[in-house]
Amino acid sequence: MKKTTCYLIGCLLILPILTGCGIPKPTAVDSVKAIYELYIQRNTEGVKKLGLTESEISNALSQYETALTNTIRQNFSASGLEIHSETIDAIFQARMEAFSKMTATYTLISEKGGTAVVVLETTYFDEAALDHDAAYDAREAADEAGFTEYEEYLNFIMEAYTNNLIESYQSVTPSEDSKQISVTCSIVNNTWLPADMAAFGSALGRAVAGLD
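First, a word on what this report is: a plain description of the structure on this page. Quick caveat: nothing in here was measured; it's all calculated off a predicted structure.

Here the focus is the sheet that holds strand E1 (residues 104–112). The four strands are arranged E1-E2-E3-E4 in an open sheet whose pairing can be described as antiparallel. Two strands in the sheet have a free side with no partner beyond their single neighbour: E1 and strand E4 (191–194). In this sheet, neighbouring strand axes are inclined to one another by 30 degrees on average, regardless of whether the strands run parallel or antiparallel. Relative to strand E2 (residues 115–122), E1 is paired through eight bridges, and the arrangement is antiparallel. The residue of E2 that forms the bridge with threonine 107 is valine 119. Sheet strands touched by helix H1 (residues 28–41): E1, E2, strand E3 (179–188) and E4. Its angle to E1, the strand with the most contacts, is close to 145 degrees. Contacts between helix H7 (residues 197–208) and the sheet are confined to E2, E3 and E4, with E3 contributing the most and set at about 160 degrees to the helix.

A few words on helix H6 (residues 150–170). For an α-helix, the turn length of 3.6 residues means that residues three or four places apart are oriented alike. Between the first and last C-alpha of H6 there are 30 Å, a value that for 21 residues agrees with the 30 Å anticipated at 1.5 Å per step. When we look at burial in H6, the residues that qualify are Tyr153, Ile157, Met158, Ala160, Tyr161, Thr162, Leu165, Ile166 and Tyr169. The inward-facing, buried residues of H6 abut helix H3 (54–78), helix H4 (85–100) and helix H5 (127–145).

Quick notes on the rules
Residues numbered from 1 in each chain as written. Predicted model: local features only at pLDDT ≥ 70, side-chain atom pairs only at ≥ 80, totals over all residues. Heavy atoms only, no water. Pairing = 2+ DSSP bridges. Helix = DSSP H or I, 4+ residues; strand = E, 2+ residues; numbered from the N terminus. Axes fitted to C-alpha atoms, helices over the stretch in contact; angles between N-to-C directions. Contact = heavy atoms within 4.5 Å. Expected span 1.5 Å × (residues − 1). Buried < 20%, exposed > 50% of the residue type's maximum accessible area, 1.4 Å probe, protein only.

Below, the structure written as structure tokens:
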């Protein structure tokens, strides 16, 4: 079976351009913390303080979910497998449940002339190993079942793999150590934000999934 890894989509975080006035003005640490909590822990309180409305938050999360679920579907299709929307949704929700167990700390390293550097340290889980084990166990079970029809064999693997994947996400335990990200921030519309939102989103997704 071709690898249908959905862990690779960890880098596809969609980070909106925040335009809040920030009164009192959030610090660079506040902003980095708010973005982490929004996408990793589904906590919206921090980004509200940055100026996002409920509608903007909902739209940002909706775009993220759409991008992520589309990538899951594409990964399965690239492996010659079809996956039902209900299964994609279950994988997405289980993955977010795993993410929500992660925690982070934030340290302001420097702040000068409209530029600040914040170091974020987050716990993580090994998503590559999780995916590999889910696929391996599914194939082993299929081989032991002794199917004579390839289509039945493939369908069994598909169902077993996705079930294994969902169960593995749901049972994730955060790492004891942490991954570190250095985030350079600048002031945009009176609010501290990561200077390169796309790079921060990619680094954050990969760190939480244990890819770096």
